[in-house]
Amino acid sequence: MAPPSTLDPALLTAISDLELVARVTVDGTLSGLHTSPFHGYSAEFSQYRHYRPGDDLKYVDWKLYARTDRVYTKQYCETTNLGVQIIIDASRSMAFAGRNGVSKLQYARILAASLAHLTIGQGDASGVIVYDEAVRHYLPSRVGHAHLRRLLVALASMQAGGTTSSASALKRAIDLQSRRGLLVIISDLYDEDEGFERELRRAVRIGHDVAVFHVFTREELEFPYDRDVQLEDLESGQTILAGAATAAEYRREFADFVGRWRARCTSNRIDYTRIMTDEPLDAALRGYLLRRGGGTSS
Amino acid sequence: MIAWQNIAMLWALPLAAVPVIIHLLRRHHADRIPFPSLRFVRSAQSAAVRIRRPSDPLLLIVRMAAVAFAVIAAAGPILLSDARLDRWHRETARAVVVDASDSMRAIGADGVTPERLASDAAVAEAQSARYTTEIRSDDLPRGIRRAAAWLAGAPPAKREVVVISDFQRGGFDERAIANVDRNVGIRLIQVGRPVSQQQMSGPDLLGGGGLPGRSQTIDQSGDATGVTFSALVTERRSGGLRLVPTDPSSERLVRVVAAAGTPAPSPDEPIVIQFAANTATATKLDRVRTGWMLRTLLRFQDEAMRLSADAGTAVRQIGESSPWSVLVRDSAAKPLVSAAASGDELVLDVAVPTDSFFAAFVVHSILASRRAPADLDEREISRLDSATLSALGRAAASIELETMPHTAWRQASTDSRWCWATVLLMLGIEQALRARAVTSSRVEGSRVAT
């Protein structure tokens, strides 16, 4: 049974040390998990070691067990690393914060930092792409803690601005990713155009694992305005008078929007995770890692 | 049918439109809130239409109803049901006027004062009425006016004035009840048994100029009254009044005044009247401060004012800077009658000759004003008979809602409490509707979240 989630997003965003935040999140996330869900490509046998609970049974040498009556697992020299490229939407819409004061961008920052910490911590490579209408920051996938520091600095310094153009950012990420790897997209997915979906399909087709973290706030979901308000679009600046009369229609359309993305990702074998900014971050991350470890996607 | 306690409050009924106004104003002053994307929010064109359309008509109606019922409650609705009208017809608002004049304290033929009997009767009358008040007055007409005023503001019920008195002849007549509303019943309760006959002394009369002073003896028996005059001894006749100068004309003046039946002076309260500005008489004058002198001058001034109203002369109050207080001035504002004190004597300076009519008026009036007129009326033993009293009385009329004084509605119990209860109910429904809206949004959000 998973431990109770204690990592309140509001608390985490109050901590300025992003590395500490990432470590705390990852520690809380991995607590109770048997294995890391990220597997490097290994080829060359290195040595045996005693089986430890949590080791993958496929590495158990059953012949040796038959001879010695002891369980050993085989270890290999890693010849290649898993390359994880985290693609973060930093458009103005991501600056929207819910009642708990945590913006989607802040949440995405911690989520990305945690993933990077987790990946680099186990010897895999991780990079980051920050984009709005264009790619604003690019760090290629690298290993090592020095690179993790650079990556965390890049995450800490990113600011929300501009409109969203996920298709071009994803196309750039695919082009820059020379090897097959894992593409993690963290966005509110408001630019729901054909180009973006086409790039997602292309990424899957050329062999990338693709994971989409759909981040939004509870306010976007519930539209809790029972009185009339002038809503101002964070990206376009357009204003609309809205209120309780528009709420029901909005909720229905937003639900359809979420459902469309879920169906679209599932049909393209893309891992889709819906995250709200008031949910404990470790719980959200744990759900994803468990699915990935089990080889399933929702 | 509904009556209203404060019908003017119904002018506030347009306040029921306040929720609509607030609704419109809030739409025009909507807060500006940043939002990630407006792609799922309806376009501004259709929102403009919604400005005029309430988002939750039921909620708006409930709020308007709450305000309307609050206004109605403040107006004090009185539902005129049959049961309520029957109850009003059975109830009585009674004002009991009890005679408190001196005659009520005279011991009657049965050895009991009418006052005591009146108190018992007043208690009995008060106990048999739903709303009651007791008014004690030594002036019955004034007491009846107060009773009528009280009844005008009494709660809805049959109205009645009960007058409890000995009803001396001359003390009460139909004029006393002429201004009482015709719907108000009048009952006259006579108490006490008067003595059958009595004898009493009247005031002594002035003598002088050859006429003797006289005393009066008044005999009353039933409806007959007889007066017997007797000659006074000399010192009682002339002591207490001195006219200056003392000459034949003064003697003639006293004779004229005595012949007119003027009350005799008192040696204890001496009065000096000097005519034609003969100011040499008084040696040391002071302002009038003694009680009996002031009372006498005030009564005299009342008489003089009545005279001056006819003569067109001005009358000034006592209290000038000199010892002389001018009581009466002529049309040229010159003093006609002035007063001052000289020791125990009250000194009047009269600026007219002794052989004038005004001189006789001053002498007569000052002597008549010296002491309060004997309240012989209160000693009257003749009373109105029961037939006369029955003729003056009348039964209380049934309640007529159309002619009910507006002040009476203000005392009636209203049905406002039901309206306030409805207001509370409406507020409860309003809260429930608002909570329902919030809950539905959360439920819908949770459904999407899962």
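See the structure above.
Residues numbered from 1 in each chain as written. Chains lettered and ligands numbered in written order. Predicted model: local features only at pLDDT ≥ 70, side-chain atom pairs only at ≥ 80, totals over all residues. Heavy atoms only, no water.

## So, the side chain of Ser-165 of chain B
Residue and element names in this part refer to chain B.
For step 1, the next point in the chain: Along the chain, Ser-165 falls in strand E6 (residues 158-165).
For step 2, the next point in the chain: By relative accessible area, which is 1% here, Ser-165 ends up buried.
For step 3, the next point in the chain: The residues touching Ser-165, leaving out its near neighbours within four places in the chain, are Asp-99, Met-104, Leu-140, Ile-189, Gln-190 and Val-191. (Helix = DSSP H or I, 4+ residues; strand = E, 2+ residues; numbered from the N terminus. Buried < 20%, exposed > 50% of the residue type's maximum accessible area, 1.4 Å probe, protein only. Contact = heavy atoms within 4.5 Å.)

## Considerations on the environment of Ala-16 of chain B
Residue and element names in this part refer to chain B.
For step 1, the next point in the chain: When you line up the elements, Ala-16 lands in the loop between strand E1 (2-4) and helix H1 (18-28).
For step 2, the next point in the chain: Judged by its relative accessible area of 13%, Ala-16 is buried.
For step 3, the next point in the chain: Once the C-alpha coordinates of Ala-16 and Arg-63 are considered, the two residues, 47 residues apart in sequence, prove to be 8.0 Å apart.
For step 4, the next point in the chain: Leaving out residues up to four positions away in the same chain, Ala-16 has contacts with Met-64, Val-67 and Ala-68.

## Looking at the environment of Asp-166 of chain B
Residue and element names in this part refer to chain B.
For step 1, the next point in the chain: Relative to the helices and strands, Asp-166 is located in the loop between E6 and strand E7 (185-190).
For step 2, the next point in the chain: With near-sequence residues (within four places) excluded, Asp-166 lies in contact with Asp-99, Ser-103, Met-104, Pro-114, Gln-190, Val-191 and Arg-383.
For step 3, the next point in the chain: A polar contact of 3.2 Å, which involves the side chain of Asp-166, links it to the side chain of Ser-165. (Polar contact = N/O pair within 3.5 Å; in protein donor to acceptor, adjacent residues only side chain to side chain.)

## Describing the sheet that holds strand E10 (residues 271-276) of chain A
Residue and element names in this part refer to chain A.
For step 1, the next point in the chain: Taking strand neighbours across the sheet as the criterion, the six strands line up as E5-E4-E3-E6-E7-E10 in an open arrangement whose pairing is mixed. Two strands close off the open sheet at either side, each with one partner strand: strand E5 (135-142) and E10. Direction aside, the axes of adjacent strands within the sheet are offset by 15° on average.
For step 2, the next point in the chain: Across seven bridges, the pairing between strand E3 (residues 83-89) and strand E4 (residues 125-131) is parallel. Counted as the bridge partner of Gly-83 is Ala-125 from E4.
For step 3, the next point in the chain: Contacting E3, E4 and E5, helix H5 (residues 145-157) crosses the sheet at an angle of about 160° to E5.
For step 4, the next point in the chain: Where helix H6 (residues 166-176) meets the sheet, its contacts fall on E3, E4, E5 and strand E6 (182-187), and the angle it forms with E6 comes to roughly 160°. (Pairing = 2+ DSSP bridges. Axes fitted to C-alpha atoms, helices over the stretch in contact; angles between N-to-C directions.)

## Here we look at a nonpolar patch on the surface
Residue and element names in this part refer to chain A.
For step 1, the next point in the chain: Taken together, the side chains of Tyr-51, Leu-57, Trp-62 and Tyr-65 define a hydrophobic patch exposed on the protein surface, amounting to about 410 Å² of accessible area.
For step 2, the next point in the chain: On the secondary structure map, Tyr-65 appears in helix H3 (residues 62-68).
For step 3, the next point in the chain: Since its relative accessible area comes to 35%, Tyr-65 is described here as partly exposed. (Patch = residues over 30% accessible without salt bridge, like charges linked within 9 Å, V, L, I, M, F, W, Y side chains within 5 Å. Areas by Shrake-Rupley, 256 points an atom, 1.4 Å probe, with all protein chains shown as cover. Salt bridge = Lys/Arg side-chain N within 4 Å of Asp/Glu carboxyl O.)

## Topic: the sheet that holds strand E4 (residues 92-99) of chain B
Residue and element names in this part refer to chain B.
For step 1, the next point in the chain: Read from one edge to the other, the open sheet built from four strands follows the order E5-E4-E6-E7, with strand pairing classed as parallel. Here the strands that pair on one side only, and so sit at the sheet edges, are strand E5 (131-137) and E7. Across the sheet, the axes of successive neighbouring strands diverge by a mean angle of 15°, strand direction being ignored.
For step 2, the next point in the chain: Packing of helix H6 (residues 140-152) onto the sheet brings it into contact with E4, E5 and E6, and relative to E4 it is tilted by some 165°.

## Looking at the pattern of salt bridges
All names here are of chain B.
For step 1, the next point in the chain: Counted under the stated rule, the structure contains 33 salt bridges over all chains.
For step 2, the next point in the chain: In this structure, Arg-187 engages Glu-125 in a salt bridge whose closest nitrogen and oxygen atoms are separated by 2.5 Å. Linking Arg-187 in strand E7 with Glu-125 in helix H5 (residues 114-127), this pair joins segments that are 62 residues apart in sequence.
For step 3, the next point in the chain: On the basis of relative accessible area, Arg-187 is assigned to the partly exposed category, the value being 30%.

## So, the packing of aromatic side chains
For step 1, the next point in the chain: Evaluated as defined, the whole model comprises 21 aromatic pairs over all chains.
For step 2, the next point in the chain: Seen from their ring centres, Tyr-190 of chain A and Phe-40 of chain B are 6.4 Å apart, and the 50° between their planes marks the pair as tilted. Of the two residues, Tyr-190 of chain A sits in the loop between E6 and helix H7 (194-205) while Phe-40 of chain B sits in the loop between strand E2 (31-35) and helix H2 (44-50), which places them in two different chains.
For step 3, the next point in the chain: Between the NZ or CZ atom of Arg-264 of chain A and the centre of the ring of Trp-261 of chain A, over which it lies, the distance is 4.5 Å.
For step 4, the next point in the chain: One Lys or Arg, Arg-214 of chain B, reaches over the ring of Phe-229 of chain B and ends 5.1 Å from the middle of that ring. (Phe/Tyr/Trp six-rings, centres within 6.5 Å; stacked < 30°, edge-to-face > 60°. Lys NZ or Arg CZ within 6 Å of the ring centre and 35° of its normal.)

All we've got here are geometric facts, nothing functional implied.
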